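Okay, here's what each chain looks like letter by letter:
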Amino acid sequence: MSEIAIPFAPLPRTGAIATPAEPLPVIPDTERKGLTKKEVAADHPTWCPGCGDFSVLALYFKLIEKRKMVHEKITTVAGIGCSSRFPYFVQAHGVHFIHGRALPFASGVSLSRPDLHVFVFGGDGDAFSIGGNHFSHTARKNIKMTYCVMDNWVYGLTKKQTSPTSPLGFKSKTDGWGAVDYPINPMKQAIAAGATFVARTTHTNPNHVLQMMEAAMDHDGFSFIECLSECVEFYEGAFDASNPRKGGVFNTVPAEHDVTDEMAAYKLADEPFPGRFGIFYKNSKPTKNTKEQEIISAHQAKVKGLKDWEILKKNFDRMK
Amino acid sequence: MSDTASTATPAGGTPKVMKIEEAVIRIAGNSQDGIQAIGGFLARLAGRSEQEVMTFMTIPSTISGGPSIFQVRIGSGEVLSAGDEADMLLCFYQHSYEGHISSLKLGGVVLYDADHVTPKPEWQELYRHVGVHISGLTVEAVGGTGRDKGKNIFALGLLAKIFDLNVERLTKLIEERFGGKDPTVVQNALTCFNGGYNHSLEGLLKTYQFQPGDKKGRHQVVMNGNEALAYGLIAAGVRFGAGYPITPWSDIMELLRRELPKYGGSFIQCEDEIASISMALGASYGGRVAVTGSSGPGISLKTEALGWGVMAEVPLVIVDVQRGGPSTGMPTNVEQSDLNIACFGGHGDSPRVVLAPSSVEDAFYTAIEAVNIARKYSTPVIILTDQAIATRIEAFEEPDLEKVCQDISPDFTPVTDFKPYDLSVSDGVTRHIAPGTRVASGKYPIVTGLEHDELGHPTGSPKLHVQMTNKRRNKLRKLAWDFPKVKTYGPNEGQILLVGWGSSLGPIHEAVDRARALGEAVSGLHIKYLNPLPNGLEEVFRGFRHIFVVELNDEGLYGFGQLATLLRARYCDPRIRGINKSDGLTWKVKEILDRARTLASHKE
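Residues numbered from 1 in each chain as written. Chains lettered and ligands numbered in written order. Predicted model: local features only at pLDDT ≥ 70, side-chain atom pairs only at ≥ 80, totals over all residues.

**Q** Would you mind going over the overall build of chain B with me for this structure?
**A** Summing up its helical and strand segments, chain B has 20 helices and 24 strands in all. Here the C-alpha atoms of chain B give a radius of gyration of 26 Å, agreeing with the 25 Å that 2.2 N^0.38 yields for 604 residues. With respect to the three principal axes, the spread of C-alpha positions in chain B is 90 × 65 × 45 Å. Relative to its full complement of 604 residues, chain B shows a buried share of 55%. Sequence separation of at least 24 residues holds for 72% of the intrachain contacts in chain B that already meet a minimum separation of 6. (Helix = DSSP H or I, 4+ residues; strand = E, 2+ residues; numbered from the N terminus. Rg over C-alpha atoms; globule rule 2.2 N^0.38 Å. Buried ≥ 20, exposed ≤ 12 C-beta atoms within 10 Å, placed from the backbone. Contact = placed C-beta atoms within 7 Å.)

**Q** How do you make sense of the overall build of chain A when you look at a structure like this?
**A** Counting its regular elements, chain A contains 10 helices and 10 strands. Across its three principal directions, the C-alpha atoms of chain A cover 75 × 45 × 45 Å. Counting across all 320 residues of chain A, residues that qualify as buried make up 47%. Counting contacts in chain A only where the partners sit at least 6 residues apart, residues at least 24 apart contribute 68% of the total.

**Q** Just checking my understanding: could you explain helix α19 (residues 562–571) of chain B for this structure?
**A** For α19(B), every residue scored as buried is listed here: Gln562(B), Leu563(B), Ala564(B), Thr565(B), Leu566(B) and Leu567(B). Just downstream of α19(B) lies Cys572(B), where phi reads positive at about 50 degrees.

**Q** Help me understand the packing of helix α8 (residues 225–236) of chain B against helix α9 (residues 250–259) of chain B in this model?
**A** Between two packed helices, both the angle of their axes relative to each other and the distance between the axes serve to describe the pair. Residues and elements named next belong to chain B. Packing of α8 against α9 leaves a shortest axis separation of 9 Å and a crossing angle of 40 degrees. As the angle between them shows, α8 and α9 are arranged oblique. Handedness of the crossing formed by α8 with α9: right-handed. Of the residues in α9, those in contact with Asn 226, Glu 227, Leu 229, Ala 230, Leu 233 and Ile 234 of α8 are Asp 251, Ile 252, Leu 255, Leu 256 and Glu 259. Considering only residue class, the contact of α8 with α9 consists of seven nonpolar, one polar and three charged. (Axes fitted to C-alpha atoms, helices over the stretch in contact; angles between N-to-C directions. Parallel < 35°, antiparallel > 145°, perpendicular 65-115°, else oblique. Left-handed = near helix turned anticlockwise from the far one by under 90°. Nonpolar A, V, L, I, M, F, W, Y, C, P; charged D, E, K, R; others polar.)

**Q** Explain the interface of chain A and chain B here, please?
**A** For interface size, the figure often reported is the accessible area lost on association. Across the boundary between the two partners, chain A contributes 64 residues, which contact 82 residues of chain B. Contributions of two or more residues to the side of chain A that touches chain B are made by β2 (93–96), α3 (102–112), α5 (132–141), α9 (288–302) and α10 (308–318) of chain A. Here the element with the most residues in the side of chain A that touches chain B is α3(A); it accounts for eight residues. Residues that form the side of chain A that touches chain B fall into these classes: 33 nonpolar, 19 polar and 12 charged.

**Q** Can you walk me through unusual backbone geometry in this structure?
**A** Note: most peptide bonds trans; most residues except glycine with negative phi. Residue and element names in this part refer to chain B. Omega for the bond connecting Gly 325 with Pro 326 falls within 30 degrees of zero, at 0 degrees, which places this linkage in the cis form. Note that the residue after Asn 531, namely Pro 532, is joined by a cis bond; omega there is -5 degrees. Mapped onto the fold, Pro 532 is located in the loop between β22 (529–531) and α18 (537–542). For Cys 572, which is not a glycine, the phi torsion comes out positive at approximately 50 degrees.

**Q** Mind showing me how you'd approach the pairing of strand β7 (residues 104–113) of chain B here?
**A** Residue and element names in this part refer to chain B. Along β7, seven of the 10 residues are buried, which leaves the element largely enclosed by surrounding structure. Of the pairings in the sheet, the one linking strand β6 (residues 86–91) to β7 comprises five bridges and is parallel in character. Across the sheet, Met 88 pairs through a bridge with Val 109, a residue of β7. The parallel pair β6 and β7, bridged by helix α2 (residues 94–100), forms a crossover whose chirality is right-handed. For β7 and strand β8 (residues 128–132), the ladder comprises five bridges, and the chain directions are parallel. Its bridge partner being in β8, Leu 111 is matched across the sheet by Val 130. (Pairing = 2+ DSSP bridges. Right-handed = clockwise from strand over helix to strand, strands pointing away.)

**Q** I would appreciate a short explanation of the sheet that holds β22(B) in the present structure.
**A** The strands making up a sheet associate through backbone hydrogen bonding, with each pair oriented either parallel or antiparallel. Residue and element names in this part refer to chain B. Across the sheet, which stays open at both edges, the seven strands sit in the order β12-β11-β13-β14-β16-β15-β22 with mixed pairing between neighbours. Of all strands in the sheet, those bounded by a partner on one side alone are β12 (266–269) and β22. Along the sheet, successive strands turn relative to each other by an average axial angle of 25 degrees, direction set aside. Two strands pair when backbone bridges link them, and strand β15 (residues 353–355) and strand β16 (residues 380–386) are joined in this way by three bridges, in the parallel orientation. Its bridge partner lying in β16, Val 353 is registered against Val 381.

**Q** Explain the sheet that holds strand β21 (residues 522–526) of chain B here, please?
**A** Residue and element names in this part refer to chain B. Strands sit in the order β19-β21-β20-β23-β24 across an open sheet of five strands; the sheet is mixed. Since the sheet does not close on itself, it has two edges, and those belong to β19 (488–489) and β24 (576–580), each with one partner. Here β19 pairs with β21 via two bridges, running antiparallel. The residue bridging Tyr 489 from the neighbouring strand is Gly 524, located in β21.

**Q** What exactly am I supposed to notice about the domain arrangement of chain A here?
**A** Residue and element names in this part refer to chain A. Domain annotation for chain A reports domain 1 (33–285) and domain 2 (287–320). Placing a centre on the C-alpha atoms of domain 1 and another on those of domain 2 gives a separation of 39 Å. Between domain 1 and domain 2, the residue contacts involve nine residues of the former and four residues of the latter. Counted by class, the side of domain 1 that touches domain 2 contains three nonpolar, three polar and three charged residues. (Domains from an automatic or database assignment.)

**Q** Could you clarify how one ought to interpret the domain arrangement of chain B in this entry?
**A** Residue and element names in this part refer to chain B. We note that the domain assignment places domain 1 (3–210), domain 2 (221–404), domain 3 (411–482) and domain 4 (488–601) within chain B. One C-alpha centre belongs to domain 3, the other to domain 4, and the line joining them spans 39 Å. The interface of domain 3 with domain 4 comprises five residues on the first partner and four residues on the second. In terms of residue class, the side of domain 3 that touches domain 4 is made up of four nonpolar, no polar and one charged.

**Q** Teacher, can you tell me more about the pairing of strand β20 (residues 494–500) of chain B here?
**A** Regular strands place their side chains on alternate faces of the sheet. Residue and element names in this part refer to chain B. Across the seven residues of β20, five count as buried, placing the element largely inside the fold. Both β20 and strand β23 (residues 544–551) contribute to a ladder of six bridges, which runs parallel. Residue pairing across strands places Val 499 opposite Val 549, the latter belonging to β23. As paired strands, β20 and β21 are joined by five bridges and run parallel to one another. By the bridge assignment, Val 499 is partnered in β21 with Leu 525. Handedness of the crossover joining β20 and β21 through helix α17 (residues 505–517) is recorded here as right-handed.

**Q** So what exactly am I meant to see when it comes to the nonpolar core here?
**A** The nonpolar side chains of a soluble globular protein tend to be buried with one another. Counting residues in each nonpolar core, the largest one holds 263 residues, and the members touching the most others are Val120(A), Val198(A), Val317(B) and Leu498(B). For Val317(B), the contacting residues outside a window of four places in its chain are Val238(B), Val289(B), Val291(B), Ala370(B), Val371(B), Ala374(B), Val381(B) and Ile383(B). (Core = buried A, V, L, I, M, F, W, Y, C linked by C-beta atoms within 7 Å.)

**Q** What's the story with the confidence of the model for chain B in this structure? I'm lost.
**A** All names here are of chain B. Averaged over all residues, the pLDDT of chain B is 91; the fraction at 70 or higher stands at 94%. Between residues 4–12, whose pLDDT stays under 50, and residues either more than four places distant or in other chains, the model counts 12 contacts. Both scores are given for the predicted complex: the pTM is 0.94, the ipTM 0.95. (pLDDT = per-residue confidence, 0-100.)

**Q** What is the right way to look at α3(A) in this model?
**A** Residues spaced three or four apart along an α-helix face the same direction, because each turn holds 3.6 residues. Of all 11 residues in α3(A), 11 are buried; the element is thus mostly enclosed. All buried positions along α3(A) are accounted for by Ala102(A), Leu103(A), Pro104(A), Phe105(A), Ala106(A), Ser107(A), Gly108(A), Val109(A), Ser110(A), Leu111(A) and Ser112(A).

**Q** What am I meant to see in the packing of helix α1 (residues 35–48) of chain B against helix α6 (residues 167–178) of chain B here?
**A** All names here are of chain B. Packing of α1 against α6 brings their axes to within 10 Å, and their N-to-C directions diverge by 125 degrees. As judged from the angle between their axes, α1 and α6 are oblique. When the axes of α1 and α6 are compared, the crossing they make is right-handed. Along its contact with α1, which presents Phe 41, Arg 44, Leu 45 and Arg 48, the element α6 presents Arg 169, Leu 170 and Leu 173.

**Q** Can you help me understand the environment of Gln91(A) in this one?
**A** Note on placement: Gln91(A) falls in the loop between β1 (74–78) and β2. Residues Gln91(A) and His71(A), spaced 20 residues apart in sequence, show a C-alpha to C-alpha distance of 7.3 Å.

**Q** Would you mind showing me how to read the environment of Leu45(B) here?
**A** All names here are of chain B. By the element assignment, Leu 45 lies in helix α1. Classification of Leu 45 as buried rests on a count of 24 C-beta atoms within 10 Å. When the C-alpha positions of Leu 45 and Ile 74 are compared, they lie 9.8 Å apart, and in sequence the two are 29 residues distant.

Below you can see the structure in the form of C-alpha cells.
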C-alpha cells in the first residue's frame, strides 16, 4: 500500500477568475480616499418604508466614509432575519450565513484574518433565541468584532411572532392573548456573559448611533451594541417612549457612571424602559485573538528557522 | 502463527525456537492496566523492525476502567487485518480469560496472571496454558509498595522473551516513553521489563522468532488513524480548525490544538458542534481551507451549516469519525452507518464530496486530497473515516514530507472583476476569493445561503434556481471524471466481486487472497470516492456473476446496506446484494467468506 497516488496536485495560487492582464497598482491604504456613499451602497434595501434598519445602514455607510475604510478590508456578516439582509446592501465582501450562527462564523473570520474589520449585524431572534448560546460564548472569549443587534422586539421576516425581547403582553400571532414569557434584557445578558464593550442606542438618534459604532469599532475586543430599531409593520410605536419627537425621553448614561464598574452597569441595565443610552460597560481584557497569537508565537519560537515540512518531520521521527 | 522452519534444540529443558512469519497476540485486561501501552510498544517495535503491523482495540466508554482488549498482529509479510484468531492470549483477569478464550486458535497459548486467573480443566486440553504470577512478581520486582502498577511492562518482558524480541530496541522505546522529569519512573519500568524478560517460563516448550521483514525503501512510521489524518491535514496546509469534543473524533482536535501553533495556526474548541462548523466555514471564507469534524450525533448537528457550504460554494473539510449509531449509540465501536448522512444529510439538493480512507496510511493522504478537492471545486468535502481506523495502529512507509507538504495560503492579488457564482463557466467550477482581495470594478461578492445571482445577490427567479442547482451538481460530475480509474483487487472477471469501502479494505483483500488460494474466482473492488461515485463501475460489475457489497451497517428495511442501496439506485443492477453486520466490530475474514459463499449459493 505504499503507492498511493494523489490525483489532485496543489493548485496554483491564483485564486480568482478575472485576473487583470497587467497587475493592478498597489495603493497604500493611507493614500486612498474615503469611500462615498455611492461607492459603498449596493442593492436597494428590501426593508419596509420607515423601518429603523435604514438608519443603521446609513450610519454604517457614514462610519465607513468617516473612518476611511477600504472596500476589501470590510467584512459584513449576518445571520437570518430582516436586519440580517444587511450585507446585500453594502458594497464590500459580505456573508449571509444561517440563522443564529453569524457570531461563530465571524469568529472564524476574525481569528484567521486579523487584518479585516469584522462587523456583524442581526436581529433579536438571531442573537438571543436561536443564537443565544453563541452570544454568551463569543462574548466570554472576547473575540474581536463589532456586533450590532437591531432589536425590534418582534419577528419581522416571518411576520409578527413573539421574539425573546417582546415585552409581556405583546400581542403577536403566536401569542394572540399577549406574550407570557419574560423577555430577555440584552444589556444584562451581555454584561453577565463577559462582553468587554456593551452599549445601547436607538435608530431615532443618528448621531448617537454613529458615536456608538465608532467607539465599538475602536474597542479591541468583542463590542456589542443594542440598537433599538422600530418595526413599523408589526410593532409600530414600540420605542416611542425613547423618542423625544414622539413625546418620549432620550436619557444618556449619567456622566458620573464608571464604565468599568460591572455592578453599576448592571444597575443601569435594570432601569425600566426607555432606560439609558450610551456605553454601559467597557473593559480592556486581552482578546482571544491576542491570546491565540501569543500561543502561536511561543510555539513558533521553538521551531524557528524550520520549514513546515521539517517541523512535521520532527514529529514523524518520534513515531519511528 | 504460521511456522516456516523449526530449529530443533537438544533436549534437556531449553525451549525450541520456531521461526514464524506472523503472530496475532490478544491482550485482555481492564482499561486502566495499560494494556494499550503494551500493544503500542509491540506495534512500534514492529515498525522499527521493518515488519508490518496492524492492531485492533476496544475500550469501554467509561472513564475509569472496564474490560478492554488490544490485539496486535505482527508479520514479516503484508498484514491486511488485525487477524481473525489469536495465536496467543495474554489475560490479566478471570473475566478476560473467560471472555476471550474463544478468540484463541485451537492449540494456541494462554499466558495468564496466575494471581487472578484460575484455568479451567476443560480448556487446558484445548489450549496451552502458561501461568505466571504477573501481579505478585511485579510488586516484588519494583520493591514491594504493594501496587501492581507496571505489570503491563512486566508482561511485555514476558512477551519479549517468548517472541525473542529485540530487547535493545524495546529498552530504548521504554526509555523514550517513560523518560521525563522523574528518573525513577524509567528505572521502575525497566525493572519490570527485565523482571518479566528474565522470568523462567517453565511451562512453555518453545519460543518464537519472527522472520526478518522485507527491507523497506524508507523508514516506517507507526501511528493510529486519527494521528495520520490530523498530520495529513497539517501537511495539506490546513492552519485553522474548530471542533467540539466527542469520541472518537476528539484525538484529532487535541492533536491539532497542540500542533497547529507551531505552524502559525490554531484550533479552537467551540461551545457546540454548530459553532464549530460555522467557525471553520468562517475561516475557510477567510481564504484558507479550514477543518471541522465530529462523530455520531455531532455530524447530525452540523448538517444545516454543511448545506450552507454547498450553497455558498465555500471550501471546507469535515471529518466524520464514524461510530455505532443512531443517537448516542455505541461511542467506542465501529460502524459504517454514516454514509447516507455524509452523502445526503441536510435539506434540499445539496451535492457534496465524500471520501473514505481505507487504512491509517491512506488517512494521511486522503486528508491532503480532501483539502485539494475542496479548494479546486469550492465545496465542502467530508472525510468519512471510522473508529476502527481511528484507533488502530499501523506501521507505514514514511511519506516524503518535503514533497507532500503544501502551501495553501490565500492569494490577495487584486482582480478586475469577479463573480463568485459565474454561470458562464461550462463545468460549473468557480473559485472563492478571500475578503481582502480588491475588486477593481467595485462590485464585491456576497457569499450566501439564499438562492442567488452570479454576484451572490438574492433572487427568486425560477430560471436562476435551475441554473444554480445545475451548476452545483455539474461541478461534482466534472470531479467524478477527475478521479483515478477504478481497479479490481484480483482479476477483473470471476464469480464473486466483493465491493467495500473504508476500513473493510484489509479484511476484504485478505478474503480475496484466501479464496483465490483455494481456487475460487473472487475479486475485490474498493470504492474510496463515495460521492460522487467514480465512473466506470458498471464495466467492472459486468465481469462478475455476483456483486456483494460488504458493509458494517444494517441491511435496512429493504435488505440492502447504505452503499449497496446507492449502487442499486445508480446501476439498477439486481446482482448487487449486501453482506452486512451491525455488531460494532471489524470484519473477520472468515465472516466475509462464509457469508459470500452462502449468498452466492442462494438465488438472486
